Amino acid sequence: MSSPFHSLSLSARASLLASAAALALLPAAAFANDSDIAQVNEASETIIVTATRTRLANFDYPGMASVIDLEWLESERPSDLTDLLRDTPGLEVAGGPRRTGQTLSLRGFGRENIALLVDGARQNFSSAHDGVMFIDPGLLGRVETVRGAASSLYGSGASGGVIAFETANADSFLRGNETRGARASIGYRSGNEETRGSAAVFGRNDVVSGLVALSARSSGHIALGSGNDLPADDEVISLLANGEWRVSPGLTLSGGILSFRNEAREPNNGQGAQVVAGGNPLMEKDVSADTYRAGLRFAPEGQSLIGLEMTLYRTEGGVDERDPLTGRFITRDLTTNGFRAENRSEFLLGTLPVALTFGGEWYEDEQTGTDSDVPSGVRGGVPNGTTTFYGAYVQGETEFSVGALGRVILLPGVRWDRFESDSDIGGANEDEAISARFGATWAPVESVRVFASWSEAFRAPSLNELYLDGTHFSLPHPILGAPNFITNDFIPNPNLRPESSETFEIGAGYTHTGLFTSADRLEVKGAWFRTRADDLINLAVDFALSPTCFAPPFFAPCSAGTSFSSNVANAELTGFEIAALYQNGPLTLSGSVYEVDGEDRTTGAPLGSLQPVQGYVRGVWSFDRADIGARLSFAGDFDNTSAGNERDGFAVLDVFGSWQPFEDRRVRINAGVENVFDTDYERVFAGVSEAGRTFRIDLSWTGGW
């Protein structure tokens, strides 16, 4: 099968190869946790915990992971998921520029195969047209992304990877001996006329700590690089409240609430270039997402066998829509209740140090959908139903010397899951799965890492896939025309099998100090992966006009066929990632390049959420209290897809800067220009131009006492 890379012109191909070579040969600085340079930490010394359940440095981890830290969030001031995750290799935020239409893909897998967590609570809301996750990036303190199969830890829905969002807390903003503080921030973006403001108060002592924050955003139509405006109006307000109580030196209780509300006015289908039309009316939307959690950490001092963490949570996601012209009212709501408990023990097995993490999980999804225009009141395509999951897992971690050959890190794990789905529309669907994983990193010398991993993953069919019902879409009668409409109807398939996959990944990392000067430092890490998947769940649309549509005198009954979920026998996804960073005094260069290719192994047709060769290069020059920088994102032509979905390659330049005018650094000004040359370009799977030239400015003040 041809790769999108081969469709590039010779000069463009050379440019991309040069970029990849530069990333591979320009090693990166180890991104220390206390670094004051804003960056997405890839090949680094950053410790990854939430998404991998390890205490390994990122450089040692046998896989590819990223950490977005608070400094990056403060510098970039992301507005939505696209801004937040755009520098993560292998991850695509698709669906178009509208906040409510954005969806995710990772390493060729769609949203259903990505485990999303907020402070450990699963975020399972998913919709074909209503978005997948609603969160204000201004309330976050850290984001971890692990690419590749993670079902050995997270069970169903982690075939593509895990994205773990962590909200800000008092320790995020208080320095040294400070015990209380406040924060205020305002900002403006010209591309969608967005204005925003936020305020927070926080405090801590030896026993308790807490933070309360409120954020608001107001935005309008999006000015695209094509010169058109995309209809979109959002009024967003978000609340965050969290805290911790250190009951004793070994026991900590925690809790939190994260709430998101968006009153939007846009077409019913908010994705792509959708505009108001007969089958896609303008709707007033009430988008909501709430997460409630309570946690416990128990790790008695002076011992290492007990490191217990427990999280009890409830998440509620919903989109309520009202047609102001007809009064039609439709809803989609998903509630997830869950509990996760795990223990980490560290001990010696002879002379071998071992860390053993074991735990269990239960969660339940309950979905309801309503439609005021349907006699039954049930919304088509949003079946009422429940899915329950049970899981237990164990993961080991050890490191040992192999003498003159260096040292080896091993990371084995396995998980058992059982699930059951049920709905009045169709019969129950239940099954169980075992997901194993083995990863190894070899360090022949301290500057080199070579790693490999093998992992299994699975995904249970969702309620929306099992119990599809009602109308998928409508269109005018082929003979009688409007206002006579015919429909393509959903057909439930409660016999769907769970998806299963097997991934093999190999990679290497390199770090070096003193490349050009005695103090500069370089790191680079890359990987190649191949995933073979069976029984992929796909929405099949059998569009066929019935013969009676053309038979006079009544031209009826007439239908436009059916849509139903089905299993695709087998598929293969392959790809690579390279991420690197170079730091020399005030200069920081970072970037990545990656590609995802895929096909149906039976027919050879393209399959999956594929990505052409693409990436970014970012440079920052730091002064005493200021930074200036630029970012170039690029992609090759995308032609490994079905006819009509091709997309030209692009290169887009952003420039930005940050200034802390006062010695105490409490005031910070960020400014930038995104898409400097007002490029008309489309990202993969969006089907619509991205935002044109956008100016942004942000002012923040943080005080602590």
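Residues numbered from 1 in each chain as written. Predicted model: local features only at pLDDT ≥ 70, side-chain atom pairs only at ≥ 80, totals over all residues. Heavy atoms only, no water.

Enquirer: Quick question: what am I supposed to make of the overall build of the chain here?
Expert: A tally of regular secondary structure across the chain gives six helices and 35 strands. Considered along the principal axes of its C-alpha atoms, the chain spans approximately 85 × 60 × 55 Å. Relative to its 705 residues, the chain shows a buried fraction of 55%. In the chain, 64% of the contacts between residues at least 6 apart in sequence involve partners at least 24 apart. (Helix = DSSP H or I, 4+ residues; strand = E, 2+ residues; numbered from the N terminus. Buried < 20%, exposed > 50% of the residue type's maximum accessible area, 1.4 Å probe, protein only. Contact = heavy atoms within 4.5 Å.)

Enquirer: Can you walk me through the state of the cysteines in this structure?
Expert: Note on terminology: disulfide describes a covalent bond linking the sulfur atoms of two cysteines. A full pass over the atoms with the stated rule returns one disulfide. A sulfur-sulfur distance of 1.9 Å marks the disulfide that ties C549 to C558. Between C549 and C558, the disulfide has an S-S torsion of 100 degrees and is therefore right-handed. C549 gets classed as buried once you look at its relative accessible area, which sits at 0%. (Disulfide = S-S within 2.5 Å.)

Enquirer: What should I look at first to understand the pairing of strand β11 (residues 194-204) in this one?
Expert: Each regular strand displays side chains that alternate between the two surfaces of the sheet. Bridge count between strand β10 (residues 180-189) and β11: ten bridges; the pairing is antiparallel. Residue pairing across strands places I186 opposite G197, the latter belonging to β11. Where β10 hands over to β11, the hairpin turn is made up of four residues, of which E193 adopts a positive phi near 55 degrees. Taking the residues between adjacent antiparallel strands as the criterion, β11 and strand β12 (residues 208-219) are bridged by three residues. (Pairing = 2+ DSSP bridges.)

Enquirer: Mind showing me how you'd approach the side chain of R683 here?
Expert: Tracing the backbone through its elements, the reader meets R683 in the loop between β34 (667-674) and β35 (694-704). Within the local environment of R683, its side chain forms a polar contact with the side chain of E92, the two groups lying 2.9 Å apart. Looking at R683, its side chain comes within polar contact range of the main-chain oxygen of V93, at 2.3 Å. Here R683 is in contact with T82, E92, V93, A94, R647 and E690, once residues within four sequence places are set aside. (Polar contact = N/O pair within 3.5 Å; in protein donor to acceptor, adjacent residues only side chain to side chain.)

Enquirer: Just checking my understanding: could you explain the sheet that holds strand β4 (residues 103-106) for this structure?
Expert: Neighbouring strands of a sheet are bound in pairs by backbone hydrogen bonds; such pairs are parallel or else antiparallel. With antiparallel pairing, the three strands of this open sheet are ordered in space as β3-β4-β5. Edge strands, defined here as strands with exactly one partner in the open sheet, are β3 (91-94) and β5 (109-110). Alignment of β3 against β4, held across four bridges, turns out to be antiparallel. Among the inter-strand pairings, E92 is bridged to a residue of β4, identified as S105.

Enquirer: Hey, could you run me through the packing of aromatic side chains in this one?
Expert: Two descriptors summarise a pair of aromatic rings, namely the distance from one centre to the other and the angle between the planes of the rings. Considering all chains together, one arrives at ten aromatic pairs under this definition. Considering the side-chain rings of F389 and F419, the 6.2 Å spacing of their centres and the 35 degrees angle between planes classify their relative orientation as tilted. Highlighted residues: F389 in strand β21 (residues 385-401) and F419 in strand β22 (residues 407-423), separated in sequence by 30 residues. Summarising the burial analysis for this pair, F389 and F419 share the class buried. Through a chain of ring-to-ring contacts, the aromatic side chains of Y363, F389, F419 and F458 assemble into a single cluster. (Phe/Tyr/Trp six-rings, centres within 6.5 Å; stacked < 30°, edge-to-face > 60°.)

Enquirer: When you look at the environment of T511 in this model, what are you seeing that I'm missing?
Expert: Position of T511 relative to the elements: it lies in strand β27 (residues 499-513). Since its relative accessible area comes to 7%, T511 is described here as buried. Sequence separation of T511 and A671 is 160 residues, and the distance between their C-alpha atoms is 32 Å. Setting aside anything within four residues of it in sequence, one finds T511 in contact with F59, E446, S447, R521, L522 and E523. Within polar-contact distance, the side chain of T511 engages the backbone oxygen of L522 at 3.1 Å.

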